[in-house]
Each structure stands twice: as C-alpha cells, then as structure tokens.
Amino acid sequence: MVVLERTNSLLVSFVSLVLLVVIHPVLAQENSPVHIVGQMKDVMWKGELFGKINTDTIRNKHHLFGFGPLAYLRGEVLILDGVSYLSTVNDKQEIKVEGVHSVSAPFFAYANITNWHSIELPAPVRNLIDLEYYLDSICSDRKMPFLFKLSGSIDSAQMHVVHLPEGSKVRSPEDAHQGIVHYRLSNSEVHIIGFYSRNHQTIFTHHDTNMHLHLITCDLKMMGHLESVSFNPQRIKFFIQP
C-alpha cells in the first residue's frame, strides 16, 4: 500500500509538471537560468578560498535567489527574493544573521525567478532523502540545473555555518570543514532555497547528492547550509523553478 501511494502521488505530480511546461511556457520565459560561479571542488582540493563573485555585481536583483559560502569559508550567504543575508559565528559559537549589501563567495549559484510553479508534495515526502528521490522521479528529463523553494513549518532540522580559522590552508574536504559549527532547530517557520542538478556534483553539490540547500528561519535569527530536515508535507509549500 505504501508503494502504491508513493507511485500514485508521483504520477499526479509528474502530470502537473508536464502541464506546466505545455500550458504555461511563459512562466519559464520570465525566469533566468541558474548561473554558477566558481566550483566547490576548487575550494575543497585547491584551496581557492577567495571570492569569485561579489553579490553587488549581480545587476538584476528583481526576485533574485542564490546562495553559497562566504569567502575564506567564514560564513554562509543567502539571497532571498533580492535581499542578501550573511550568517557568521563568533568565538562563543553564537550565530549572527544580518542583511548585507554585498559579500563575496568562492562558489555561488543564483537565478532570477519571477514565477515559481507550486506543487503539492506527496504524503511520503518528509525529509531530504525523500525529496531528492521525488525530484529524481519528476525531473528526469531536465538537463539544466534549477532552484526550488520550501516555505512553512518544519518539525526539526540540522544545519551548519562554516567558520574556518583565519589563515587556514585547505587541501581536502576535511581541511575545509575545520571550525564548522552545527545547529539544531525544532518547530520552526522557515524558508529553504535549494539547488538541483544531475550534472554538478563536486561543482555545486557534494559528490553523493544532486541537491544543495540553505535554510533561513522566518524570524531571521538562523541561517545556514541545510544538512537534514523533517517536516509534514501538509505544512510545507513547495515551489520549483519552471
């Protein structure tokens, strides 16, 4: 019965996605493609920690969404509907989230998305593993990377903020994760911006996943790289870039 429920739910969502492409091509035309600057593997293996993009150089801020780490792995960056946020950690491992005009990042993905396509998540989709399986199922024909968004109430989540000690040299993922600080959330209202692609492992996703996500709480007190999340799909709104 569980397998049947999952299959039926995926079929309904797939049909919805097909109808979007056939009936509403204008939605995709009003959005920009995802732009990627820099590569995760160059940070992890070559130690290229310096900024390769300043967010103020992105001229079109209209409905702009994007994210990546701060230069020299000293924090996390998120652009949510044209507003840039930076999260950093102090010596007491306390997180600080602030709006900023411009920051730099060693790798970054962004897109202008005026129109999102709303999809009702199937009942079995309750965490990141389920979500990636779901996206794999409904987007098998999409060759270009795209962004997606979840907004609503989550039961729990774990995220991190990179906090590389100043002057550190990076030649491996282990080096890059020095000083990383983890945070747990529960019963929180959040926005999650995600990146999906089958062709960007080690470029903008880790080698074992097709997704990369950042989370920010609606009270703007917590923001970082999302590691795990648990939610009831009935309390989450899910949007995908057409």
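A brief look at the structure comes next. Keep in mind that this is a model prediction, so the values were computed, not measured. (Residues numbered from 1 in each chain as written. Predicted model: local features only at pLDDT ≥ 70, side-chain atom pairs only at ≥ 80, totals over all residues. Heavy atoms only, no water.)

1. Let's talk about the environment of Thr205
Working step 1: You can see Thr205 is positioned in the loop between strand E11 (181-196) and strand E12 (211-217).
Working step 2: Taking C-alpha positions, Thr205 is 8.2 Å from Phe195, a pair spaced 10 residues apart along the chain.
Working step 3: When neighbours within four sequence positions are excluded, Thr205 is seen to be in contact with Met40, Phe195, His200, Asn210, Met211 and His212.
Working step 4: Within the structure, the side chain of Thr205 is placed 2.9 Å from the backbone oxygen of Thr209, a separation counted as a polar contact. (Helix = DSSP H or I, 4+ residues; strand = E, 2+ residues; numbered from the N terminus. Contact = heavy atoms within 4.5 Å. Polar contact = N/O pair within 3.5 Å; in protein donor to acceptor, adjacent residues only side chain to side chain.)

2. Overview of the environment of His160
Working step 1: Counting through the fold element by element, His160 comes out in strand E10 (residues 146-161).
Working step 2: Once the C-alpha coordinates of His160 and Gly224 are considered, the two residues, 64 residues apart in sequence, prove to be 5.5 Å apart.
Working step 3: Contact partners of His160, with chain neighbours within four places excluded, come to Glu76, Ile180, Val181, His182, Gly224, His225 and Glu227.
Working step 4: Here the side chain of His160 touches Glu227 through a polar contact of 2.6 Å, side chain to side chain.

3. Overview of the layout of surface pockets
Working step 1: Here the largest pocket defines a volume of roughly 310 Å³.
Working step 2: Along the walls of the largest pocket sit 13 residues, with Leu128, Thr209, Met211, Leu226 and Glu227 positioned nearest its centre.
Working step 3: For the lining of the largest pocket, the elements supplying multiple residues, two or more each, are helix H4 (128-138), E12 and strand E13 (223-230).
Working step 4: Along the lines of polarity and charge, the residues of the lining of the largest pocket split into five nonpolar, five polar and three charged. (1 Å grid on protein atoms, 1.4 Å probe; cavity = no way out; pocket = protein on both sides within 12 Å on 5 of 7 lines; lining within 4 Å. Points joined across faces, edges and corners; volume = space filled by probe spheres on them. Nonpolar A, V, L, I, M, F, W, Y, C, P; charged D, E, K, R; others polar.)

4. Let's talk about empty space enclosed by the protein
Working step 1: According to the stated counting rule, one finds one cavity of 30 Å³ or more in the structure shown.
Working step 2: Computed from the structure, the largest cavity encloses a volume of approximately 160 Å³.
Working step 3: Taken together, 15 residues form the lining of the largest cavity, with Met44, Pro69, Phe107, His160 and Val162 sitting closest to its centre.
Working step 4: Counting residues per element, the ones that place at least two in the lining of the largest cavity are helix H3 (40-46) and E12.
Working step 5: In terms of residues, the lining of the largest cavity owes the most to one element, H3, which gives three residues.
Working step 6: Split by residue class, the lining of the largest cavity holds eight nonpolar, six polar and one charged.

5. A word on the pattern of salt bridges
Working step 1: Throughout the structure, instances matching the rule amount to seven salt bridges.
Working step 2: Residues Lys52 and Asp42 are paired through a salt bridge, measuring 3.9 Å at the closest nitrogen-oxygen approach. Of this pair, Lys52 sits in the loop between H3 and strand E2 (53-54) while Asp42 is found in helix H3, placing the two residues 10 residues apart along the sequence.
Working step 3: Under the relative-accessibility criterion, Asp42 is labelled buried at 8%.
Working step 4: Put simply, Arg235 and Asp155 hold a salt bridge, and the shortest N to O gap is 2.6 Å. Separated by 80 residues along the polypeptide, Arg235 in the loop between E13 and strand E14 (236-240) and Asp155 in strand E10 bring together distant segments of the chain.
Working step 5: Judged by relative accessible area, Arg235 falls into the partly exposed class, the value being 40%.
Working step 6: On the basis of relative accessibility, which here comes to 27%, the residue Asp155 falls in the partly exposed class.
Working step 7: Look at the salt bridges and you will find they share partners, linking Asp42, Lys46, Glu48 and Lys52 into a network. (Salt bridge = Lys/Arg side-chain N within 4 Å of Asp/Glu carboxyl O. Buried < 20%, exposed > 50% of the residue type's maximum accessible area, 1.4 Å probe, protein only.)

6. Focus: the environment of Glu189
Working step 1: Tracing the backbone through its elements, the reader meets Glu189 in strand E11.
Working step 2: Taking the C-alpha atoms as reference points, Glu189 and Ile154, 35 residues apart in sequence, are found 6.5 Å from one another.
Working step 3: Once you skip the residues sitting within four places of it in the chain, Glu189 turns out to touch Gly152, Ser153, Thr217 and Cys218.

7. A closer look at the pairing of E14
Working step 1: Summarising burial for E14: four of the five residues are buried, a large majority.
Working step 2: Where strand E9 (residues 117-119) and E14 come together, three bridges link them in antiparallel fashion. Following the sheet pairing, His117 is matched in E14 by Ile240.
Working step 3: In this structure, E10 lies alongside E14, joined through five bridges in antiparallel fashion. Counterpart to Leu150 in the pairing with E14 is Phe238. (Pairing = 2+ DSSP bridges.)

8. Some remarks on unusual backbone geometry
Working step 1: Of note in this structure, His63 is not a glycine but carries a positive phi near 50°.
Working step 2: Tracing the sequence through the fold places His63 in the loop between E2 and strand E3 (64-69).
Working step 3: Positive phi is not limited to glycine here, since Thr202 has a value of about 70°.
Working step 4: As for its placement among the helices and strands, Thr202 is situated in the loop between E11 and E12.

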